[in-house]
Structure formats: structure tokens, C-alpha cells
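Close look at the chain arrangement
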Number of protein chains: 2
Amino acid sequence: MKKLINAPENVVKEALAGMADAHSDLIRVHYDPDYIVRADAPVQGKVGVISGGGSGHEPMHGGFVGKGMLDAACPGAVFTSPVPDQMLAATRAVSGGKGVLHVVKNYTGDVMNFEMAAELAAAEGIEVASVVTNDDVAVKDSLYTAGRRGVGVTVLLEKIAGAAAEAGADLAEVKRIAEKVNAQGRSMGMALTSCTVPHAGKPTFELPDDEMEIGIGIHGEPGRTRTKLASATEIAEMLAGPILEDLPFQSGDTVLAFVNGMGGTPLIELYLMYNELHRILKGKGITIGRRLVGSYITSLEMAGCSFTLVKLDDELTRLWDAPVHTPALRWGM
Amino acid sequence: MKKLINAPENVVKEALAGMADAHSDLIRVHYDPDYIVRADAPVQGKVGVISGGGSGHEPMHGGFVGKGMLDAACPGAVFTSPVPDQMLAATRAVSGGKGVLHVVKNYTGDVMNFEMAAELAAAEGIEVASVVTNDDVAVKDSLYTAGRRGVGVTVLLEKIAGAAAEAGADLAEVKRIAEKVNAQGRSMGMALTSCTVPHAGKPTFELPDDEMEIGIGIHGEPGRTRTKLASATEIAEMLAGPILEDLPFQSGDTVLAFVNGMGGTPLIELYLMYNELHRILKGKGITIGRRLVGSYITSLEMAGCSFTLVKLDDELTRLWDAPVHTPALRWGM
């Protein structure tokens, strides 16, 4: 196992300590229970927006805590749901009197634990709403998931819903916008290589030198097909095709296009894949109104990429463009 | 070879096309000769700052073109110097009447070709100054280099000198500041894995499963030692030690600390390494005044990291903090 780590059991806490040191202007890290929270939390009179999930997907979610995006993030062990105690503590820490939105990716453990935390918070008088992302068109029902998995849309939703909360929207409105992003968004990913969970010490799955997995999950869950390596053009078609058919996206639509790296894929390849996606969408009469290219929802050092498309309207475009200042996403301030 | 590409000979042009599509608000890409240039170039009355080098180090340099950083970047083939024609065309394209600074990493081909371009530009009446970065303390004289290699300092220098140019400094002043960053900066890197140049089709070097290379160059040039895998704490000492001794950095200094990923290393490990560097510097009485954590000067999909430290004073801190808006670095606008 080739990693820049000390003991596998300390990876998450040591990385959190690094984040806390590097971004003390933006965030604080609370330990036991572990959560990352805006330095100025709770912001009185603002809906709190929190998320969380297993570690190993950095910068998601901790890198999205800051002004205009998340108020807090709960990191679990690598690829393991955080526990309700973390979510409850984070909910309390960001409660500014207008309620708290939980952004939950659709994995059985995350959904169950966030539900429990929401009940406990409600019992303390904190109003909680939840949105569950399930944008992965690759498979229905998978390892860890009933229904579709929550993947790339989560990143975009956290930005857009976070902007709504920052602008003063109430809880019902922030939830409505978050649900709209999820409803209008679809994703699909692929892997060239596996990744290795530190405490496992060996690759999550085996993938021969001449094969790739299309429709991979962000924890290495099986996808749709395992097939021979193909060109970037062919891979882009394999990812974009199912996304475009599913909603469906149509000629005349304007989209937010997100080309995401899985952690071990360099930026030169992501721009090359963006070029492929741009060509495909142009051919279908779909306009890329906004875009994000980079590694934002990763699977440790897995090589591969995912595409996410969200149908844009004026409301979502305005919220996407709103200022944001987090460790991983920053513009307008 | 597992990569998201089509034909190896088209990788650079296809990635450039993706960048052009994704960042048309900031940059334009010119082909044959290839260069990336600010959308509003030439900016009249401003010193132009350009750089360039082999591709495969993205986002360096093309991702640093935009307001407050580079005016243009010349990408060569992967790990191959761009040619003088590119540099000359880029120099012309950014010439706003106050001269042009060439930022050159110390590799024999880059230095020779930028010198030739500078002579050709001078013959056309464009005043050109050059700064050569040589911050890598790992080795003196290496594959492709006489003297020390130019690595991580280049990224920080381009930001700081770019800010000076944006603020209206003249050519001599921008050059002075650039030389100061190089003089006050030192770097060292390491690799857990090799990378594969697309047209080579096989790894640049072989590194057994239980070994790493300390002092690696950004093209996979040999470092100081090849040794058994070690902990993050030990690796951080192996990188920080030679950097701190070389200048030397001293108790009471304030530094800009840059923890860079080589392309295949995930962010969770970079934050863990930042935590180690923070601990080491604290122990030496050195304050991290500013920092950058991420993959900014990469070696395709190589796994590994590098540390760069630059001694800060008020002038450099102010220029680092100045607004920047490029594809890869953005703040304050």
C-alpha cells in the first residue's frame, strides 16, 4: 500500500488537523465527535446546511465548509458513514434559529444515521429538513444502497443550496432548491483503477491492466459493465449517453457540466474529457452555461472520472454564481 | 497504459481545447504555435508575464493564465520544452508596451529556447527580461538540468510577480520581485510511483512496491535516494530537513508553505502531509503565514508530493494576497 500516511487508524484525524491548520480563517475542527464547522457558526438567523459521509472523498464534504456553502460537515472513517452523534453535534453547532438542512447522499448507513440525528435534534427543538441525493444513473440498488447512489450532484447541490441559505432563504425554500438540483441532475462515473482503503491495505477490487469499470460507485461498488479499455471519446459517450437519456436532457437545455476526477487522474485528462463532453452536448443542441472541472468528489487515489449534468434555469444559475469561500471552492470573495 | 486519452499525439491539443471551452471568460488558446493567453491581452501599459514548459504538469502553467498572474503560457509536448516560436508568439501577444518577463524553469531545453525567443523578441523591439527558477534542493545537475531544477517555487513566483505586474510595476521591478521569490524559496519532492508519458506508453522508471524515491524531479528524474516506504512523519522530515538547512530558514521566519501533490495523490494525504509540515515548522519556531495545499505542479499521474517554502516579508505577503482570477487559482474576485 503506497500512501502518504502514518497509522491507518489515524488518517482521518491527521488530515482533519491539517485542514484545521491550513484553513483557520474559514473553519474549525471539533474532535470527538468529529465535525468541521464554519469559523463563525452558528450564524444567527440563517438556515444551517450540513452534510457528511465517509472520508476518502476529499475535498467533499469538509472542503465545502465556509461562506456560501456548508455550515458543517461530518467525516466518518474512510468509506464509512459518520455516526448520529457527529451529525447531532454539528446540527447543534450550526443552529441559528431558522432550522438546519441535512444533505445526505443515498447510502443506507448515511440515510439511517442522518434520520436518527434529525429525530434527536427535533427532540431538542431544532427544526431539521433533509434532502437525499440519488443522481447516479449507473445502477439501481447497489452495494450499500437501495435505489440510486448519491454522487456528483451532491457537490453542486451543496453550493447552490448553500448560496440560498446565505442569501436568507428559509428552511422550506432551501430544501425546495436543494430538491430541485437533485431532481434536475444526473451523473455517471468510471474507473481505470481501484483504490485502497488504508485499514484494508489492499485494493478494493481487482481490475486487469486492459480493463475499466463503467458506472463505478465512489466506494468502488460495481458498475454497469467491465470492459476493455477504450478511447476518451468512447468513454465520454458511455458516460454521457445514459445521463442524457435519463432525465432526459433535450436540445435547447442549458446545463451546469461537472467533469470530476476520482482522485488519481491528472487535470490534463479531465480537460481532455471536458472537451469530449462539450462536443457531445454541442451535437445535441445542449449549451454548457456553467462548468466545474477538477477532483471534487473522489475515491481516494482511484483513477477515473465522472460526469454530472444539472439542468440550469435563472434561479440555479444565480445561486451557482453567488460568492463562495471554502477551502475547495472560492469565487467572488 | 491506463489513461483517459485518445491518440497520445493529440493529448496536449485536446486538453487545450477543453481548457479553452471551460474558461473562455478568462483565456484564449492559440494553435500553431500553441499558447494560452489572457482573453484581454495585450493589456496596454502593463508588463506581460509569460511562462511555459512541457505539458503534463497541469494546472501549471496554462491554469495560471488570467488576471493577476500570467499573461500567457506556452505548453510543449508532454515533458518536452516548448519551442522558441511559441514563446516569441506569446511574447508578442502580451506585449503592452512595458516589456515582458519570461519565467523559466531551470531545464536546459527551456532555458535555451526562452533565450532564443527573448533575442528574437528584442530584435522586434520588445524589451524582455528573464528569471530562471532553481529551487529544488534535492540534487545539483540532473537529467535535463545543469544546476538545480526549477519546481514548486515557480507556481508561487508566477502568482507574486503576476500581482506586481497587475499593480503596475515596471519590468525591472517585476523582475526584482520574481528573483526575490526564487532566492527566498526552496523545494523538495518525492514519489511513491512513477508516471507514464503517453507517447512512451510505459512507466518512466520502475519503483518496487515497497520503495519510494526521495528528491524526485517533476519528470521522474532521479532524486537523492531510493529507500523503503516510510511513514508520513518520516517522509515529511526527509523533505523539510534539506529545505530548512539550505537557505537556511531560521526561528522567527514567516513562510509561505506549499504542499503540492504530484498528480495521483489524493487531497486527504496532502492535508495529512501539511499537518506534518506544520508540526515540524512549529518545532523550529517558523510561522506559516500563508499556505497552498493541492496539486498545482504535477507529473501526470505520479503519486507523491513536494514541499516548497518561501520566506515571506510584507511585500511578498501583500502580493500573494492580491486578487487573482485564473482557472486554477482564484481569490479576491
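Residues numbered from 1 in each chain as written. Chains lettered and ligands numbered in written order. Predicted model: local features only at pLDDT ≥ 70, side-chain atom pairs only at ≥ 80, totals over all residues. Heavy atoms only, no water.

A few words now on the domain arrangement of chain A. Residues and elements named next belong to chain A. Taken domain by domain, chain A comprises domain 1 (11–184) and domain 2 (185–322). Taking only C-alpha atoms, the centre of domain 1 and the centre of domain 2 are 22 Å apart. Counting from both sides, the interface comprises 39 residues of domain 1 and, opposite them, 41 residues of domain 2. Between domain 1 and domain 2, roughly 3,200 Å² of surface is buried when both sides are summed, and carbon and sulfur atoms account for 65% of that area. Where domain 1 touches domain 2, the interface holds 4 salt bridges. Salt-bridge contacts for Glu315 lead to Lys180; the nearest nitrogen and oxygen are separated by 2.5 Å. In this structure, the connection of domain 1 to domain 2 is made through 22 residue pairs in polar contact (both at pLDDT 80 or more). Elements supplying a minimum of two residues to the side of domain 1 that touches domain 2: α4 (153–166) and α5 (171–183). Considering only residue class, the side of domain 1 that touches domain 2 consists of 22 nonpolar, 7 polar and 10 charged. (Domains from an automatic or database assignment. Contact = heavy atoms within 4.5 Å. Buried area = accessible area lost by both parts, 1.4 Å probe. Salt bridge = Lys/Arg side-chain N within 4 Å of Asp/Glu carboxyl O. Polar contact = N/O pair within 3.5 Å; in protein donor to acceptor, adjacent residues only side chain to side chain. Helix = DSSP H or I, 4+ residues; strand = E, 2+ residues; numbered from the N terminus. Nonpolar A, V, L, I, M, F, W, Y, C, P; charged D, E, K, R; others polar.)

Moving on: the side chain of B:Thr308. Residue and element names in this part refer to chain B. Mapping Thr308 onto the fold places it in strand β12 (residues 304–311). Using a relative accessible area of 0% as the deciding quantity, one classes Thr308 as buried. Separated by 2.6 Å, the side chains of Thr308 and Ser187 make a polar contact. Not counting residues within four places of it along the chain, the set of residues in contact with Thr308 comprises Gly152, Val153, Leu156, Arg186, Ser187, Leu256, Ala257 and Phe258. (Buried < 20%, exposed > 50% of the residue type's maximum accessible area, 1.4 Å probe, protein only.)

This brings us to the pattern of salt bridges. It is possible for side chains bearing opposite charge to pair when their charged atoms get close. The full count for this structure, using the stated rule, is 44 salt bridges over all chains. The residue A:Lys180 makes a salt bridge to A:Asp313 at a minimum N-O spacing of 2.7 Å. You can see A:Lys180 sitting in helix α5 and its partner A:Asp313 sitting in the loop between β12 (304–311) and α8 (314–321), a full 133 residues away along the chain. For A:Lys180, a relative accessible area of 19% puts it in the buried group. When the shortest N-O distance is used, the salt bridge between B:Arg176 and B:Glu173 registers 2.9 Å. With B:Arg176 and B:Glu173 both in helix α5 (residues 171–183) and 3 residues apart, this pair spans about one turn of that helix. You can call B:Glu173 partly exposed: its relative accessible area is 28%. The network of salt bridges with common partners includes A:Arg38, A:Asp40, A:Lys46, A:Asp71 and A:Glu166.

A word on helix α7 (residues 267–283) of chain B. With 17 residues, α7(B) ought to run about 24 Å at 1.5 Å a step, and its terminal C-alpha atoms sit 24 Å apart, in line with that. B:Gly285 lies just past α7(B) and shows a positive phi near 75°. (Expected span 1.5 Å × (residues − 1).)

In this model, α4(A) (14 residues) spans 19 Å end to end at C-alpha, consistent with the 20 Å of a helix rising 1.5 Å per residue. Here α4(A) lies mainly inside the structure; 13 of its 14 residues are buried.

Bringing the packing of helix α7 (residues 267–283) of chain A against helix α1 (residues 11–22) of chain B into the picture now. Helix packing for two helices is described by the angle between their axes and how far apart those axes are. Where α7(A) meets α1(B), the closest approach of the two axes is 7 Å, and the angle between their N-to-C directions is 65°. Between α7(A) and α1(B), the angle is such that the two are roughly perpendicular. Between α7(A) and α1(B) the crossing geometry is left-handed. Residues A:Ile268, A:Tyr271, A:Leu272, A:Tyr274, A:Asn275, A:Glu276 and A:His278 of α7(A) form the contact with α1(B), whose participating residues are B:Val11, B:Glu14, B:Ala15, B:Ala17, B:Gly18, B:Met19, B:Asp21 and B:Ala22. (Axes fitted to C-alpha atoms, helices over the stretch in contact; angles between N-to-C directions. Parallel < 35°, antiparallel > 145°, perpendicular 65-115°, else oblique. Left-handed = near helix turned anticlockwise from the far one by under 90°.)

So, on to the environment of B:Leu156. Residue and element names in this part refer to chain B. With respect to the secondary-structure elements, Leu156 resides in helix α4 (residues 153–166). The class of Leu156 is buried, set by a relative accessible area of 0%. Placed 50 residues apart in sequence, Leu156 and Asn106 show a C-alpha to C-alpha distance of 15 Å. If sequence neighbours within four positions are ignored, Leu156 has contacts with Val181, Leu256, Phe258, Leu292, Thr308, Val310 and Trp320.

Rotating chain A by 180° and translating it 0.0 Å along the rotation axis places it on chain B, where the RMSD comes to 0.0 Å. Put plainly, the chains are arranged around a two-fold axis. No C-alpha of chain A approaches the rotation axis more nearly than that of A:Gly264, which lies at 2.0 Å. Interface overlap between copies is the fraction of interface residues in one copy that are interface residues in the other; for chain A against chain B it reaches 100%, indicating a shared surface. (Least-squares fit on C-alpha atoms with pLDDT ≥ 70 in both.)

A few words now on the sheet that holds strand β9 (residues 225–228) of chain B. All names here are of chain B. Sheet architecture is open: 6 strands sit in the order β9-β8-β7-β12-β10-β11, paired in mixed fashion. Across the chains shown, the open sheet's two edge strands, defined by having one partner strand only, are β9 and β11 (287–294). Shown here is a sheet whose adjacent strand axes are inclined to one another by a mean of 20°, direction ignored. Relative to strand β8 (residues 211–214), strand β7 (residues 185–191) runs antiparallel, the two being bridged by 2 bridges. Paired with Met190 across the bridge in β8 is Ile214. The strands touched by helix α6 (residues 232–246) within the sheet are β7, β8 and β12, with β7 carrying the most contacts at an inclination of about 155°. (Pairing = 2+ DSSP bridges.)

This paragraph deals with the interface of chain A and chain B. With 57 residues of chain A at the interface, the matching set in chain B holds 57 residues. For the chain A and chain B pair, buried surface summed over both sides reaches about 4,400 Å², with 64% attributable to carbon and sulfur atoms. Its largest share of buried area at the contact with chain B, chain A owes to A:Lys2, A:Leu4 and A:Ile268, together 21% of the area lost on that side. At the junction of chain A with chain B, the criterion picks out 0 salt bridges. The tally of links between chain A and chain B comes to 24 residue pairs in polar contact (both at pLDDT 80 or more). No other element matches the 10 residues that α7(A) contributes to the side of chain A that touches chain B.

All names here are of chain A. By the element assignment, Asp136 lies in the loop between β6 (128–133) and α4. A polar atom in the side chain of Asp136 sits 2.8 Å from the backbone nitrogen of Ala138. Other than its neighbours up to four places away in sequence, Asp136 contacts Arg148, Arg149, Val151, Ser187, Met188 and Ile216.

With that settled, consider the nonpolar core. Core analysis: the largest hydrophobic core is formed by 105 residues, its most contacted members being A:Met190, A:Met273, A:Phe307, A:Leu309, B:Leu101 and B:Val174. Broken down by element, the residue count for this core peaks at 10 residues, all from α7(A). The contacts of A:Phe307, once residues within four sequence positions are left out, are A:Arg186, A:Ser187, A:Met188, A:Ala236, A:Leu239, A:Ala240, A:Ile243, A:Phe258, A:Val259, A:Met273 and A:Leu277. Of all hydrophobic cores here, the second largest spans 104 residues; its members include A:Val49, A:Leu207, A:Leu312 and B:Ile268. (Core = buried A, V, L, I, M, F, W, Y, C linked by side-chain atoms within 4.5 Å.)

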